Each structure stands twice: as C-alpha cells, then as structure tokens.
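Summary of structural features
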Protein chains: 2
Amino acid sequence: MTKDLSHLLSLEAKARNNSLLKTIAQYKQPDTAFLASGLPLPEYFAWESISFKTRKPPFEDGLKAFSNESNELVVEVGDKLPLSSGLQYASATGPKPLVEFIKEHTRLVHGDISNDDWDLILTAGSTHAWEAVLRTFTDRGDSILVEKYAFASALETARAKGLNLVTMDIDSHGIIPESLAKTLENWEEGVKYPKLIYTVPTGQNPTGSTIPEERRKLIYEIASKYDIIIVEDEPYYFLQLEDYVEESNRNVSSRRPSDEEFLASLVPSFLKFDVDGRVIRLDSFSKILAPGTRIGSIIAQKPFIERFARDFETTIQNPSGFASLILYETLAYWGQDGYLQWLKALREEYSNKRNVAIDTALSTLGDKPFVTVNIPNAGMFFTISIDATAHPHFTERYNNDPLALEDDIYRTNIANKSVWVPGSWFEVVQDGEERSPLIMFRGTFAATDEETLAEGVKRFAQTLDQVFK
Amino acid sequence: MTKDLSHLLSLEAKARNNSLLKTIAQYKQPDTAFLASGLPLPEYFAWESISFKTRKPPFEDGLKAFSNESNELVVEVGDKLPLSSGLQYASATGPKPLVEFIKEHTRLVHGDISNDDWDLILTAGSTHAWEAVLRTFTDRGDSILVEKYAFASALETARAKGLNLVTMDIDSHGIIPESLAKTLENWEEGVKYPKLIYTVPTGQNPTGSTIPEERRKLIYEIASKYDIIIVEDEPYYFLQLEDYVEESNRNVSSRRPSDEEFLASLVPSFLKFDVDGRVIRLDSFSKILAPGTRIGSIIAQKPFIERFARDFETTIQNPSGFASLILYETLAYWGQDGYLQWLKALREEYSNKRNVAIDTALSTLGDKPFVTVNIPNAGMFFTISIDATAHPHFTERYNNDPLALEDDIYRTNIANKSVWVPGSWFEVVQDGEERSPLIMFRGTFAATDEETLAEGVKRFAQTLDQVFK
C-alpha cells in the first residue's frame, strides 16, 4: 500500500492551494451563462486546421528510409481530439486522451506497478520535470544523492537551488548498493539527511551504464529503509540496445522480436518494487520521437501528482497544444502496437550505431593497455577510460594532475577535428576528495552518421597516440 | 544608460553557471566529427512535414467568418524555418527568426525603448514567465508589491514561495502613485524591502482598469527612487478597446484606423520610461492567437535576459518546436503589417463584445443606485461594484459582513444559471485590515457568444433584484 509521504514535500509544495478559479469550472453547463473565466473564443484562434505526415507502422525498412507512398501516413489533426480544444487553455495534467494513451502504454511496459495508486501528469520535457521535482521535494540547504558522474545540467539545477550534492559510488553497472548503504549508515551528523536519490538508471549519461534488476531492488530497499524518494530519470529507457557481439561473430540478419520478447527484454523500472509509492519516474519523448515535442511525463503516487498539478497550474499550465495534438494523433493512429514497433525499430537503429562506435573503438584503441573501451547496452553514449599514470611523462609534463592530461587530450582532439566531452565535466567532487587517476571521455553514437562516427573514433585514437608520446 | 541591477537577483539566479556542455557547441564545424552532444538525428524524428490553414490578412470581414477560399492561407511548415531544426533541441532564447520577428514587432509598437540595452527571450507563456521572474529576483521571505485586487493564480505562485505580499492601492485608473510613494516612505522597519512591483497595467485582471501614461511615469519614478523592479504582465495589451460610447450615440460603421493611428492609440509600456533597465515586460500570445501556443516572451535588460536563458536551459529549455514553427510561419506569412491588421481586427471584435456587456449592464443595472458598472477600455473583464451597506437587511441577514452578502449573490447567481467571480477571490487582505463594504463581481465578455453574454448580464441583474429584497 502507498505510504503517506507528504512529510517529504518542500515548503513550496506544502503551501500550494487549490485554485478557486479552477474549481468554478464545475458550474460550466450548456444552459449556463458562464462569464467566469477569461477564455478566448475558438473563433478568434488564428488556426483552422493542421495536418502532418508521419510514417506508417510497422517500420520494417528501418527509420532512415523516410516515407514513400507505401509507408506514409497523412493525418488531419482534430479527428480524434478537436483542434479548438487542443488550442484552448487545458487542464494541468494534459489532454485526457493523450494521458490515457501513455498510461495504457505504461501498463503494457511496466506491468503491474507495485504502487497501485499511481498517476501520470504531462510535463514540458524531463528537464522541466526535474526542476519541478526539486521544487516539490527540496528546500534550500537540503541534501540529495547523485551518481558520482552525472548529467551536468541536472546537477546545475540542483546547485543553483542551494542543495547539498552527495555522491553515490558507481561502477559499470551503475549505483553500488553496498556503498550507498554505507554512506547512509555513516551519514555525517549536522548535514541534512537526503531527501531524494537522482539517477539515470538506464543508459546513464555520461557512463552509458544500466543498473541491473537485482541492484535496483537493493537500492529500492535502502531508499525505503532510510525514507528517501527515488527519482528515476529515464530519457534513454527505450534505447535499450541489443547485446554487443564482436563484429566477427555478429549475425547480421537478426529477426525483430515479438512484442512479448521486446517487453521482456527491458530492464524493470524502479516502479516494479515501489510498494511505498516513493518512486518518481520521468519519461520523455525527446529521444524517441523528437526533442521539439517538449513533452514528457511524470509517474508517481497520486498525492504527489496532485501536488505537481497545482505547481503546473502556476508554471507551464500544460504542454503546448500544438505538440499535444500532433503527438496524440500520431500515437492514436499508430496504436499501442504501432508505437511498440517504432520503439523496436529505434532500438535496431541505435544498436547498429553503437556497434559502429564500439567496433571502431576496439579496433583502434583495443590494443592500448592503458585504455578501456566501456561498452554500453543502452542510451546514446559510450566512454573511454584512460589510466593517466600510464602516461610516460605524467609527472614532468602534467605534474601528476589527471585533469591536466585530460585537458591536453581534449584540446588535441579538437585540433584533430574530433570533439568528445571530458569526464571531469560530469564528475561530482566532494570537498577534500582526491581525484582518481582514471580519466574518461564521453562520445555519442547518436548525433552523426556512421561514417563521421567511425572517423571521430579513429581521430580520438590518433589523439591518444599523439598525446601519449 | 542601463544600470547594473545584479544586486536585485535572487540567490538562485546569482548561482547559475554557464553550461560547459553548451559552450562546446562552438566546435561544431562541417569537417569535424562532433561526438559531444546527445542529439538524435532528424532522420529518426517521427514527423516529415506539417501544414496548417490560417487566414489571410487584412481580415476585413472580422474574425468570426472563418476562412473561405478567398481569405484562407495554407502554409507548409519548413518553408522559412526547417522542420528538422524546429523539432531539434534549440537555444534557450528560442528560434532566432521567431525572436527577430517579435523584436521587430516590439520596435514597431513600443518605439524607442528608453533602455537601449534590452533583449527578448521566449517563454512557455506568461504563467511560466512570472514563476521564472520570482525565482530570478526573489528569495523566501522577500516582499513584493501587488495590486489590492490581482489575478489570484499569480498571487498563489508568490505565496507558495514564502513571499510577503504588500498591497498597492488602486482606483479605476489602476495603481495610485501617491499612495504607493507613501507606502514606501513609511515602510515598516524589520520587514524586507520590496524587490519588485507586479502589475497588469492594461485591462487589469480583475478590475479591467488601465493605468494611464502619466501615472506610469510617476510609478516608474517611484520604482527608480526606491530601486524596485517593475514587472508588467501584459496579456491584454493588444485588447485595448475603442472608447465606450453609449449605444444611442454609437457610430456603427467606424473606419479601421491606419497602422499609425492604431499604434498611437496604444498606452505606452513602462519600457518607455525605463532608463535604468528595471522593467521586465511579459507578453503572451494566449489572448491574441491561441492559448495553446504556450509561447510568450520576456523583454528586459540584456543581463537579466541572460540570467533567464541560464534558467530556461535547466527548466523548459525552449517552447515546443511545433508551436514555434507554426507560430513563426504564420507571422512570417502575415508580415508585420498583417499581424497589425490581425490585432486591429481583434480590437474590433472585443470592442463589440465589451459593448454588448456594458450596454446590457447599463440598461439592466444602471438604475440601481447601489450599483456601479465599471466600464473597461481594455482586456476581457468588466466589473460591477455593489455597496453592501445599501442592502435593506445588511445587519440582520448578513451580520454587517460584506463577504456574507457577496457569497449570497454568488450562489443565487449560479442558481440563476449565471456564473461570475466574486471580487474577494482576487483581494489581497493584509493582517488586521478591515474589509471595504464595497463588494465587486467580475464578468468576462470574452468567453461566450453575444447572446449568452447579454443573457448572463441580465441574469446577474435578476440575481441582485432577488437578493436585495
């Protein structure tokens, strides 16, 4: 059963009142002269109709071959959700049919969520959602737990709010439960107890790692024991890739899995273990359909979703009507099955691109003893770890400072016309903490065509040759 | 010259750092393998094309007669701004061509803004913008100045953040400068000095009043003297209506004004006086084109806009790409002149509707000595003031409590199938303050057709007859 966790809300979230003006809507009846709300009439809207072209499921030829007559789908907006209602002020939870579609999808993907009292609200994307989460659960001076390497922008959001960022140790399988338990057991007296754990559990940014089911269970148990919220930010959840198989052993024509096989292959969400209702899941369409939707969603226990709705009423109100309309009509035409086909096709595309990146990295960097190519099974990123102490002139040239070597590699690489991100940009360093001599670079296999991708990896290998002289 | 007002920024705004990940974009060159940013390739976007139907300027037949072949405009998105760039992650200030169009429009409308160092950023609507303003300029415990009657939702946003709301007296011309000056002169020791003034200066919600130019100048001078930010929230700026002329004297076929006449008729923005760079202007397309755009803009001095950009990078990122694309293509096809024609047509429509509301109110309520019909020259709202002490049984039935009478009118009116909003819902009451015996109801002439509107006013008159017995 869902626990009452309202004590974890922030001062701001606790203080939000219901809007009187929103409650008055109940009196809007056909025979009533409703002069209460300042809504413009649809006849003064600037737009009369919208149509768009998308692709028709099942996307069997992959996603690169864009539409031709046989696989294109032309959709007139308003067929399923009237244009005039989509362009009007809307409820803070988002248009009902779109919300219902995503909820049904959620049930398909995550099965029976332990917390049977969950609900869903649309966001303006996960960046917005994360900021809203912080305002809903934290006050200035509070502590939160973050992965030792984490998405820099998400950390910036928290730092600007005066939060105390405490790191969780990670390895190639993400957060290490034993280490997390130890951190909490030995929590420093006088430092505020952490309100929440922030994690990108699948295809983590920057490491590319994915937390396996067993670890998720253990982490959840720790969170439950210490009364901490888990925020799982899952933009890459549907970029869970086929296992990496070395090029020589790869079976090129792999059959597309059935819906059942596909769904069974996905790592379970923290929601699966969430008996207390302490998991806040952030989903996003940015990596799946297009960043420009600026639509995502939050799943959480109902009382939390209600607090988010009160927040959104005084911030974004709801995602853009244009985006909601087009997104909804697309999903409705595809259907749940068509949407799963899209996700499977996307997995195939990204698996291929990951293969290009890793094949090239292994063939150009694999023989360097001081280099580790970390192979991701989800997301958009891969990383190369480098042992700085292996540099022949680490002391003389870099004064034993891993950051100095990292910076040299970064700049030399740019001079070689290849741009990767230094790992230190993502690292959370606690006061007085000594830096590891293991440096890291993050590349993405998402943003370029395969030729440029392979070229970028080769140039990075050349850079290392140059710098390690 | 713009002053350095950075001391007015909040802790959160001061703490925001530039995103390293955003600075790396400078290395993205055609011959570079750019593996730094996790952007999906446009070939994996779900949409290939979007088109929409709007109306062709100059909208001479008004806005109710929706498009027919002669006045419709079918637009293919991507002609002026590529679809693939609109649907990608974008800069936090919004797509450049759209921003430039709105800036040019701003120069047309507001002429030479005193602060020549201004800039503009797109928002997810003014509700979002106001919340961002509060996070950028206020900390928990700070004071802000608000109109005695103000938009309830905007007040809620501030209250939840633990701000101290101090009221400014208003009359039928909005904020009373002398009274404001007195409030600041006699500021209570120990109470934090106010950071900002929040005002809806044109077609205020709920009162419908507009602050005239001379008062704006005086209010600006006071703000400058006491080092206070002015936030002008202007959703109704382009709903400045023709002057109300009694029905019997009205000239029905009034000529549409030229662009010059139209622009000259608009009350000047606080920007006109803003030599210091202390005005933050919030604009919105919600009341002009459709609420579903969820696009507005903030105009302010450049260093403030830069702080908003850092904020948006970690919240909304930018308005929805679908909305930006469709909005931009529409405005670009219309051109600056076509957009002014739209605004003029809109003024005609709303002037007519205001006339219906006021004609009906004057004819049904005008003879009641205890009632004042307040005639608005801007916005969507009109108000009726009622002297509670004139009620024949004010003491016995309502215990001399104006709120009890207000509530009776509210409920009786709903029973009569007419819904108006009680003025007390908008009133900001300071501790220990006695309530005025003047009660008020707000109606809107925007949300219904003219028949229903007239019917709603008549029913309100009947309600008063019933209650005042």
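Residues numbered from 1 in each chain as written. Chains lettered and ligands numbered in written order. Predicted model: local features only at pLDDT ≥ 70, side-chain atom pairs only at ≥ 80, totals over all residues. Heavy atoms only, no water.

**Some thoughts on the overall build of chain A**
Helix and strand content of chain A: 14 helices and 17 strands. The C-alpha atoms of chain A give 24 Å as radius of gyration, which agrees with the globular expectation for 469 residues (23 Å, within 12%). The principal-axis extent of the C-alpha atoms belonging to chain A is close to 85 × 65 × 40 Å. Looking at chain A residue by residue over its 469 residues, the buried ones come to 64%. Expressed as a percentage of contacts within chain A between residues at least 6 apart in sequence, the contacts between residues at least 24 apart total 76%. When the accessible surface of chain A is totalled, it reaches about 17200 Å², and 49% of it is carbon and sulfur. (Helix = DSSP H or I, 4+ residues; strand = E, 2+ residues; numbered from the N terminus. Rg over C-alpha atoms; globule rule 2.2 N^0.38 Å. Buried < 20%, exposed > 50% of the residue type's maximum accessible area, 1.4 Å probe, protein only. Contact = heavy atoms within 4.5 Å. Areas by Shrake-Rupley, 256 points an atom, 1.4 Å probe, with all protein chains shown as cover.)

**Quick look at the relation of the copies chain B and chain A**
Rotating chain B by 180 degrees and translating it 0.0 Å along the rotation axis places it on chain A, where the RMSD comes to 0.0 Å. With respect to symmetry, the two chain copies, as superposed, fit the operation of a two-fold axis. Among all residues of chain B, the minimum C-alpha distance to the rotation axis is found for Ser51 of chain B, at 2.7 Å. Counting the interface residues of chain B, we find that 100% of their copies in chain A are interface residues as well, pointing to one common contact surface. (Least-squares fit on C-alpha atoms with pLDDT ≥ 70 in both.)

**Some remarks on the pairing of strand β10 (residues 229-233) of chain A**
All names here are of chain A. Within β10, five of the five residues are buried, which leaves it mostly tucked inside the rest of the structure. Residues of β10 alternate between two faces, with Ile229, Val231 and Asp233 on one and Ile230 and Glu232 on the opposite face, all of them buried. The pairing of strand β9 (residues 194-199) with β10 spans four bridges and is classified as parallel. Counterpart to Leu196 in the pairing with β10 is Ile229. (Pairing = 2+ DSSP bridges.)

**Topic: helix α13 (residues 402-415) of chain A**
All names here are of chain A. Taking 1.5 Å as the rise per residue, α13 with 14 residues should run 20 Å; its terminal C-alpha atoms sit 20 Å apart, in good agreement. Those residues of α13 lying buried are Pro402, Leu405, Glu406, Ile409, Tyr410, Thr412, Asn413 and Ile414. Tucked into the core, α13 has its buried residues touching β14 (381-387), α12 (394-398), β15 (418-419), β16 (421-422), β17 (438-444) and α14 (450-467). Where α13 begins, the capping side chain belongs to Asp401, and its oxygen is found 2.9 Å from the backbone nitrogen of Leu403. Directly after α13, the chain includes Lys417, whose backbone phi takes a positive value near 60 degrees. (Expected span 1.5 Å × (residues − 1). Polar contact = N/O pair within 3.5 Å; in protein donor to acceptor, adjacent residues only side chain to side chain.)

**A word on the domain arrangement of chain A**
All names here are of chain A. Here the domain parsing of chain A yields domain 1 (7-346) and domain 2 (380-467). Computed from C-alpha atoms alone, the centre-to-centre distance between domain 1 and domain 2 is 32 Å. On the side of domain 2, 16 residues touch domain 1, which itself brings 21 residues to the contact. For the pair domain 1 and domain 2, the summed buried surface comes to about 1400 Å²; carbon and sulfur atoms form 58% of the total. Interface area lost by domain 1 to domain 2 is led by Lys148, Tyr149 and Pro206, which between them contribute 38%. Across the contact surface, domain 1 and domain 2 share two salt bridges. The salt bridge partner of Glu427 is Lys148, with a shortest N-O separation of 3.3 Å. There are six residue pairs in polar contact (both at pLDDT 80 or more) connecting domain 1 and domain 2. Elements that contribute at least two residues to the side of domain 1 that touches domain 2 include exactly β5 (143-147), α6 (152-160) and β6 (164-168). Classifying every residue of the side of domain 1 that touches domain 2 by side-chain character gives twelve nonpolar, four polar and five charged. (Domains from an automatic or database assignment. Buried area = accessible area lost by both parts, 1.4 Å probe. Salt bridge = Lys/Arg side-chain N within 4 Å of Asp/Glu carboxyl O. Nonpolar A, V, L, I, M, F, W, Y, C, P; charged D, E, K, R; others polar.)

**Things to note about the sheet that holds strand β16 (residues 421-422) of chain B**
Residues and elements named next belong to chain B. Read from one edge of the open sheet, four strands run β13-β14-β17-β16, paired in antiparallel fashion. One side of each edge strand has no neighbouring strand; the edge strands of this open sheet are β13 (371-374) and β16. Across four bridges, β13 lies against strand β14 (residues 381-387) in antiparallel orientation. Each bridged residue has a counterpart across the sheet, and for Val371 the counterpart in β14 is Ile386. Sheet contacts for helix α11 (residues 321-365): β13 and β14; angle to β13, the most-contacted strand, approximately 165 degrees. (Axes fitted to C-alpha atoms, helices over the stretch in contact; angles between N-to-C directions.)

**A few points about the sheet that holds strand β5 (residues 143-147) of chain B**
Residue and element names in this part refer to chain B. Within the open sheet, the seven strands sit side by side as β4-β12-β11-β10-β9-β5-β6. Their pairing is mixed. Both edges of this open sheet fall to β4 (118-123) and β6 (164-168), since each of them pairs with a single strand only. Sheet twist, expressed as the average angle between the axes of neighbouring strands with direction ignored, equals 20 degrees. The pairing of β4 with strand β12 (residues 296-301) spans six bridges and is classified as antiparallel. Of the residues in β12, the one forming a bridge with Leu120 is Ile299.

**Overview of the packing of aromatic side chains**
Residues and elements named next belong to chain B. Per the counting criterion, the structure on display carries 40 aromatic pairs over all chains. An angle of 85 degrees between the planes, with centres 5.0 Å apart, marks the rings of Trp47 and Phe322 as edge-to-face. Placement of the pair is Trp47 in strand β2 (residues 47-55) and Phe322 in helix α11, with a sequence separation of 275 residues. For the ring pair Phe382 and Phe445, a centre distance of 6.3 Å and an interplane angle of 35 degrees mean the geometry is tilted. (Phe/Tyr/Trp six-rings, centres within 6.5 Å; stacked < 30°, edge-to-face > 60°.)

**Things to note about the packing of α11 of chain B against helix α14 (residues 450-467) of chain B**
All names here are of chain B. Two elements in contact, α11 and α14, have axes whose closest approach is 9 Å; the angle formed by their N-to-C orientations is 25 degrees. As the angle between them shows, α11 and α14 are arranged roughly parallel. Like other packed secondary-structure pairs, α11 and α14 cross with a definite hand, here right-handed. Across the interface between the two elements, Lys353, Val356, Ala357, Thr360, Ala361, Thr364 and Leu365 from α11 touch Glu450, Leu453, Ala454, Val457, Lys458, Phe460, Ala461 and Leu464 from α14. When the residues that make up the contact of α11 with α14 are grouped by side-chain class, the tally is ten nonpolar, two polar and three charged. (Parallel < 35°, antiparallel > 145°, perpendicular 65-115°, else oblique. Left-handed = near helix turned anticlockwise from the far one by under 90°.)

**Some details on the environment of Thr330 of chain B**
You can see Thr330 of chain B is positioned in helix α11. Residues Thr330 of chain B and Glu104 of chain B, 226 residues apart in the sequence, show an inter-C-alpha distance of 15 Å.

**Regarding the nonpolar core**
Nonpolar side chains in soluble globular proteins generally cluster together in the buried interior. Of all hydrophobic cores here, the largest spans 317 residues; its most connected members are Ile386 of chain A together with Ile386 of chain B. If we skip the residues at most four places from it in the chain, Ile386 of chain B touches Phe370, Val371, Ile409, Pro437, Leu438, Ile439, Phe441, Phe460, Leu464 and Phe468 of chain B. (Core = buried A, V, L, I, M, F, W, Y, C linked by side-chain atoms within 4.5 Å.)

**Focus: the interface of chain B and chain A**
Taken together, the contacts link 107 residues of chain B with 107 residues of chain A. In this structure, Glu12 of chain A engages Lys161 of chain B in a salt bridge whose closest nitrogen and oxygen atoms are separated by 3.1 Å. At the boundary of chain B and chain A, one finds 51 residue pairs in polar contact (both at pLDDT 80 or more). At twelve residues, the largest contribution of residues to the side of chain B that touches chain A is made by α11 of chain B.

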